[in-house]
Number of protein chains: 2
Amino acid sequence: MSTFSSLDALTENFRSRRPIRAGSLIITVYGDAIAHRGGTVWLGSLINLLAPLGLNQRLIRTSIFRLTKENWLIADQVGRRSYYSLTGSGRRRFEKAFKRVYSDTNPEWNGHWMMVLLSQLTPSERKDLRQELEWQGFGSLAPTVMLHPQTDRAELQSTLQEQGVQDRVIVMDSLTEDTTASRAMRLQTRECWNLEKLSENYQHFLDQFRPLWNELKNSQEMTPEQSFMARTLLSHEFRRVLLRDPLLPEELLPADWEGRAARQLCSNLYKRLWRSAEEHLDMMLETAEGPLPKPNASFYKRYGGLT
Amino acid sequence: MSTFSSLDALTENFRSRRPIRAGSLIITVYGDAIAHRGGTVWLGSLINLLAPLGLNQRLIRTSIFRLTKENWLIADQVGRRSYYSLTGSGRRRFEKAFKRVYSDTNPEWNGHWMMVLLSQLTPSERKDLRQELEWQGFGSLAPTVMLHPQTDRAELQSTLQEQGVQDRVIVMDSLTEDTTASRAMRLQTRECWNLEKLSENYQHFLDQFRPLWNELKNSQEMTPEQSFMARTLLSHEFRRVLLRDPLLPEELLPADWEGRAARQLCSNLYKRLWRSAEEHLDMMLETAEGPLPKPNASFYKRYGGLT
């Protein structure tokens, strides 16, 4: 077995983080390794799978229990063993959350902005809604004006209703009128979304995973377990950076945008690692009926197509 | 000859203003009384016409000279007499400026907003552009965001070009998405345009001219000269209030909007006064060819139709 110092460094880095955030890693593993293979596992096999990443039994049980309470998972007792399956809504939530991770391009843009005016809210309502919209990827054009280049009106509407402000928030559908000010629009975008910070996050991701690519280029193949660990940490770190990425259309991003390079590296590494990692899952994970089913069709569409 | 104390009060009020702003009144008289009757007058007859309003010869000559310098008027000397005619561009500018005075409704609205983002400008450029856009009726949504419910893109573009900022100003065409927040939009409108101040101006106009309407209802007819003076002061004061009115669509205005009542009063008074006032113009004004031609067709369309 070859050793990969880059993988050791990634693993050590993850294991030494305090708090270790087991819940977040388990979400990654369910989304990246279990959802596309039936969605059900024996807890004991999951514990064994995650041990090399530094997650002990207690942490895993606590996290799984929380996901069950929040209706992502449902438990099934067979004999003395506990099996955990994705619920219907859990499956939909995973699909939605991971769709952006495995896409190979930024979404296409029709030039429309969704613009939200907060000036008729009280200061505390405004603060709450701003925070929520920032999480959803909205940028800030002015203290009372937020905007987003995608237009999922239904999601916004449900946010406004949850916060009880739907009749005091003005929503506009805005179209940038011409292309003469496109440079101004790119500068504006950089300010509205604080792209500097995001760009640093992507740079950090690149610094972490480029050494892995370099080693894989020149070395023997990884073992299935190494591949699983590398792929899991890759998906985990990429997902974490993406959480803060509003996924702006290409037209609005700088020419040398680090997010593009990061996605490219992630896609290349994933294509290199996936097959061997799936072998590890075949060996490690089990259901009440034996090994997991083969990956479903949508798995093979990750990053524009796994071959 | 009956006396009308309301007209005396209006005249006295105008005459006692310091500075008297002869240039502004002469613009009113050209737009209201001369443009639709050929556009040419002998200066001497204009001086006689305006004497009862307290404009002396020197003030009138200075104002006419300035309008000539600014290419609104062109002078023609016939013997010892000076005749002043509207230039082509002067005629167009008068038509544009007075169109809103004589309209009987606010413009129709298709729900679109023109939104202008100033955040990529330097503070001094921003200040200049804000001022200019406010003059054009734009409201202020935030320090760097201005908007207008009408969309004369060409006029905006020429403003941006004049100020040399067209490649750093972002223009959006925005559509309010739903009607559930329409109350919020009306409140927003009130803030963006400072409608309180404008409403006070209209209230002042109503206070000034309602007594005239009450007297006209109950008294004998005015003489042609009285009618001319009343109509001139009416158009002048209404035009001055309108200069500050962004002419927002009905949907966005309060139900009890004073601007509506003011336009109604102005329209009713004008319809009562116009015929007799035109008789005064027949008598007083002359061209090198004798009396003025009859009013043109567009004159009879004022306020939805003069009968």
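A quick note: this is a predicted structure, and the numbers were derived from the prediction, not measured.

Trainee: Looking at this structure, how should I read the overall build of chain A?
Mentor: On a plain count of helices and strands, chain A comes out with 11 helices and nine strands. Relative to a compact globule of 307 residues, whose C-alpha radius of gyration would be 19 Å, chain A shows 21 Å and is just as compact. Relative to its full complement of 307 residues, chain A shows a buried share of 51%. Sequence separation of 24 or more characterises 79% of the internal contacts of chain A that already satisfy a separation of 6 or more. Per element, the accessible surface of chain A, about 14600 Å² overall, is 49% carbon and sulfur.

Trainee: What's the story with the interface of chain A and chain B in this structure? I'm lost.
Mentor: Bring the parts together and some accessible area is lost; that lost area is often taken as the interface size. Tallying the contact residues gives 32 residues for chain A and 32 residues for chain B. Interface area, chain A with chain B, both sides summed: about 2500 Å², of which 54% is carbon and sulfur. The largest contributions to the chain A side of the interface with chain B come from A:Gln120, A:Met172 and A:Glu177, which together make up 22% of the buried area. At the junction of chain A and chain B, the tally comes to zero salt bridges. Our enumeration of links across chain A and chain B arrives at nine residue pairs in polar contact (both at pLDDT 80 or more). Put simply, the parts of the chain that give the side of chain A that touches chain B at least two residues each are strand E4 (112-117), strand E5 (139-142), strand E6 (145-148), helix H7 (153-162), strand E7 (170-176) and helix H8 (182-193) of chain A. The element contributing the most residues to the side of chain A that touches chain B is E7(A), with seven residues. Of the residues belonging to the side of chain A that touches chain B, the class tally is 16 nonpolar, nine polar and seven charged.

Trainee: Honestly, empty space enclosed by the protein in this entry has me stumped. Any pointers?
Mentor: The gaps of empty space that remain are located by a probe, the size of a water molecule, rolled over the atoms. Residues and elements named next belong to chain B. Inspection of the entire model under this criterion finds one cavity of 30 Å³ or more. Empty space within the largest cavity amounts to approximately 30 Å³. Phe14, Arg17, Ile20, Arg21, Ser24, His236 and Arg240 together form the lining of the largest cavity.

Trainee: Honestly, helix H10 (residues 224-242) of chain B in this entry has me stumped. Any pointers?
Mentor: The α-helix winds at 3.6 residues per turn, so residues separated by three or four positions along the chain end up facing the same way. With 19 residues, H10(B) should reach 27 Å at 1.5 Å per residue; the first-to-last C-alpha distance of 26 Å fits that figure. Burial analysis of H10(B) places 16 of its 19 residues in the buried class, the great majority of the element.

Trainee: Would you mind going over the relation of the copies chain A and chain B with me for this structure?
Mentor: Superposing the two chain copies requires a rotation about an axis and a translation along that axis. When chain A is fitted to chain B, the best match, at an RMSD of 0.1 Å, comes from turning it 180° and sliding it 0.1 Å along the axis. Such values leave the two copies arranged in the relation of a two-fold axis. Taking C-alpha positions as the reference, the residue of chain A nearest the rotation axis is A:Ser174, at 2.0 Å.

Trainee: Any chance you could explain the sheet that holds strand E1 (residues 40-42) of chain B here in plain terms?
Mentor: Adjacent strands of a sheet form backbone hydrogen bonds with each other and so pair up, either parallel or antiparallel. Residues and elements named next belong to chain B. If you walk across this open sheet you meet the three strands as E1-E3-E2, and the pairing is antiparallel. Unpaired on one side and paired on the other, E1 and strand E2 (73-78) mark the two borders of the sheet. The mean angle between the axes of side-by-side strands here comes to 25°, regardless of whether they run parallel or antiparallel. The strands touched by helix H4 (residues 57-69) are E2 and strand E3 (81-86); relative to E2, the strand with the most contacts, the crossing angle is about 115°.

Trainee: Would you mind showing me how to read the packing of aromatic side chains here?
Mentor: Note on aromatic pairs: each is described by the distance of the centres and the angle between the planes. Summed over all chains, the structure comprises 30 aromatic pairs over all chains. Centre to centre, the rings of A:Trp109 and A:Trp113 are 5.2 Å apart; their planes meet at 80°, and the pair counts as edge-to-face. Residue A:Trp113 is classed as buried on the basis of its relative accessible area of 0%. Members of the aromatic cluster, connected to one another through ring pairs, are A:Tyr30, A:Trp72, A:Phe94, A:Phe98, A:Tyr102, A:Tyr270 and A:Tyr303. Its end group placed over the ring of B:Trp135, B:Arg244 keeps NZ or CZ at 4.3 Å from the ring centre. Lying over the aromatic face of B:Tyr102, B:Arg302 brings its terminal NZ or CZ to 4.0 Å of the ring centre.

Trainee: Even after reading the chapter, I still don't get the sheet that holds strand E4 (residues 112-117) of chain B, so can you show me in this structure?
Mentor: On the basis of which strands lie adjacent, the open sheet formed by eight strands has the order E5(A)-E6(A)-E4(A)-E7(A)-E7(B)-E4(B)-E6(B)-E5(B) and antiparallel pairing. Sheet topology places E5 of chain A together with strand E5 (139-142) of chain B at the edges, where each strand pairs with a single neighbour. Strand after strand, the sheet turns through a mean of 35° between neighbouring axes, direction not considered. In this sheet, E6(A) lies alongside E4(A) in antiparallel orientation, the contact comprising four bridges. Across the sheet, A:Met115 pairs through a bridge with A:Leu147, a residue of E6(A). Along the sheet, H8(A) contacts E4, E5, E6 and E7 of chain A together with strand E7 (170-176) of chain B; its crossing angle with E5(A), the most-contacted strand, is approximately 110°. Each of E7 of chain A together with E4, E5, strand E6 (145-148) and E7 of chain B is contacted by helix H8 (residues 182-193) of chain B, which is oriented at about 110° to E5(B), the strand it contacts most.

Trainee: Would you explain the pattern of salt bridges in this entry?
Mentor: Residue and element names in this part refer to chain A. All chains considered together, the criterion is met by 30 salt bridges over all chains. For Glu286, the salt bridge goes to Arg81, with nearest N and O atoms at 3.2 Å. Placement of Glu286 in strand E8 (residues 286-287) and of Arg81 in strand E3 (residues 81-86) is noted, with a sequence separation of 205 residues between them. Residue class for Arg81 comes out partly exposed when judged on its relative accessible area of 32%. When the shortest N-O distance is used, the salt bridge between Glu278 and Arg231 registers 2.7 Å. Remark: Arg231 occurs in helix H10 (residues 224-242) and Glu278 occurs in helix H11 (residues 258-284); sequence separation between them is 47 residues.

Trainee: Just to check I follow, could you spell out unusual backbone geometry for this structure?
Mentor: Trans is the prevailing form of peptide bonds, just as negative phi is the prevailing case for residues other than glycine. The omega torsion of the bond from A:Arg18 to A:Pro19 falls at -5°, within 30 degrees of zero and hence cis. Note that A:Pro19 resides in the loop between helix H1 (5-15) and helix H2 (22-34). The phi angle at B:Arg21 is positive, at roughly 55°, despite the residue not being glycine. For B:Arg21, the position within the fold is in the loop between helix H1 (5-15) and helix H2 (22-34).

Trainee: Where do I start with the state of the cysteines in this structure?
Mentor: Think of a disulfide as a covalent bridge from one cysteine sulfur atom to another cysteine sulfur atom. Counted according to the given criterion, the structure contains zero disulfides over all chains. Free of any disulfide, A:Cys192 has its nearest cysteine sulfur in B:Cys192, 18 Å distant.

Conventions adopted
- Residues numbered from 1 in each chain as written.
- Chains lettered and ligands numbered in written order.
- Predicted model: local features only at pLDDT ≥ 70, side-chain atom pairs only at ≥ 80, totals over all residues.
- Heavy atoms only, no water.
- Helix = DSSP H or I, 4+ residues; strand = E, 2+ residues; numbered from the N terminus.
- Rg over C-alpha atoms; globule rule 2.2 N^0.38 Å.
- Buried < 20%, exposed > 50% of the residue type's maximum accessible area, 1.4 Å probe, protein only.
- Contact = heavy atoms within 4.5 Å.
- Areas by Shrake-Rupley, 256 points an atom, 1.4 Å probe, with all protein chains shown as cover.
- Buried area = accessible area lost by both parts, 1.4 Å probe.
- Salt bridge = Lys/Arg side-chain N within 4 Å of Asp/Glu carboxyl O.
- Polar contact = N/O pair within 3.5 Å; in protein donor to acceptor, adjacent residues only side chain to side chain.
- Nonpolar A, V, L, I, M, F, W, Y, C, P; charged D, E, K, R; others polar.
- 1 Å grid on protein atoms, 1.4 Å probe; cavity = no way out; pocket = protein on both sides within 12 Å on 5 of 7 lines; lining within 4 Å.
- Points joined across faces, edges and corners; volume = space filled by probe spheres on them.
- Expected span 1.5 Å × (residues − 1).
- Least-squares fit on C-alpha atoms with pLDDT ≥ 70 in both.
- Pairing = 2+ DSSP bridges.
- Axes fitted to C-alpha atoms, helices over the stretch in contact; angles between N-to-C directions.
- Phe/Tyr/Trp six-rings, centres within 6.5 Å; stacked < 30°, edge-to-face > 60°.
- Lys NZ or Arg CZ within 6 Å of the ring centre and 35° of its normal.
- Disulfide = S-S within 2.5 Å.

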